[in-house]
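This is what each chain is made of:
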Amino acid sequence: MALLDLLGRRWAMRVLWELRDDSSPTFRELQQRCDGVSSSVLADRLRELGQAGLVENTGDGYVLTEQGMTLRESLVQLDDWASRWQPKADD
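First things first, this report covers the structure right here in the doc. Only a predicted model underlies this, so the values are computations on that prediction, with no experimental measurement involved.

Calculation rules
- Residues numbered from 1 in each chain as written.
- Predicted model: local features only at pLDDT ≥ 70, side-chain atom pairs only at ≥ 80, totals over all residues.
- Heavy atoms only, no water.
- Patch = residues over 30% accessible without salt bridge, like charges linked within 9 Å, V, L, I, M, F, W, Y side chains within 5 Å.
- Areas by Shrake-Rupley, 256 points an atom, 1.4 Å probe, with all protein chains shown as cover.
- Salt bridge = Lys/Arg side-chain N within 4 Å of Asp/Glu carboxyl O.
- Helix = DSSP H or I, 4+ residues; strand = E, 2+ residues; numbered from the N terminus.
- Buried < 20%, exposed > 50% of the residue type's maximum accessible area, 1.4 Å probe, protein only.

With that settled, the discussion passes to a nonpolar patch on the surface. Taken together, Leu78, Trp81 and Trp85 make up a surface patch of nonpolar side chains, about 370 Å² in accessible area. Mapped onto the elements, Trp81 comes out in helix α5 (residues 66–84). A residue is classified by how much of its surface remains accessible, and Trp81, at 46% relative accessible area, is partly exposed.

Now for unusual backbone geometry. When glycine is set aside, most residues are seen to have a negative phi, and most peptide bonds are trans. The phi angle at Trp11 is positive, at roughly 75°, despite the residue not being glycine. Note that Trp11 resides in the loop between α1 (2–7) and α2 (12–18). Notably, Asp35 is not glycine yet its phi reads approximately 55°, a positive angle. Topologically, Asp35 is positioned in the loop between α3 (27–33) and α4 (39–51). Of the residues examined, Asp35 reaches a relative accessible area of 58% and is grouped as exposed.

This next bit is on the pattern of salt bridges. Going through the model one piece at a time under the given rule, you end up with six salt bridges. With a shortest N-O distance of 3.1 Å, Arg14 and Asp35 are connected by a salt bridge. You can see Arg14 sitting in helix α2 and its partner Asp35 sitting in the loop between α3 and α4, a full 21 residues away along the chain. Judged by relative accessible area, which is 26%, Arg14 ranks as partly exposed. When the shortest N-O distance is used, the salt bridge between Arg47 and Asp44 registers 3.4 Å. You can see Arg47 and its partner Asp44 sitting in helix α4, three residues apart, about one turn around the helix. With a relative accessible area of 42%, Arg47 lands in the partly exposed category. Given the relative accessible area of 31%, Asp44 is considered partly exposed. Several salt bridges converge on common partners, so that one network encompasses Asp5, Arg9, Arg45 and Glu48.

Below is the structure:
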């Protein structure tokens, strides 16, 4: 439940999405990638994701940790499932 609470916070999933490749964006670059999220919200999310062991600042920029990369793999599987999901239509 703690992970779902963290991932459900505004911009948390977007930050993880923007760190999915091998680049290591700086704070400002990450803020631009996230369509201009406020600096205070981005700082909060990076701090929370860092405390959870999912994101780290290398000094050159932000990257997913090893744990963050395994979460990314799990989220890709969830995305695959969601693309096949067909919610029941309201009658």
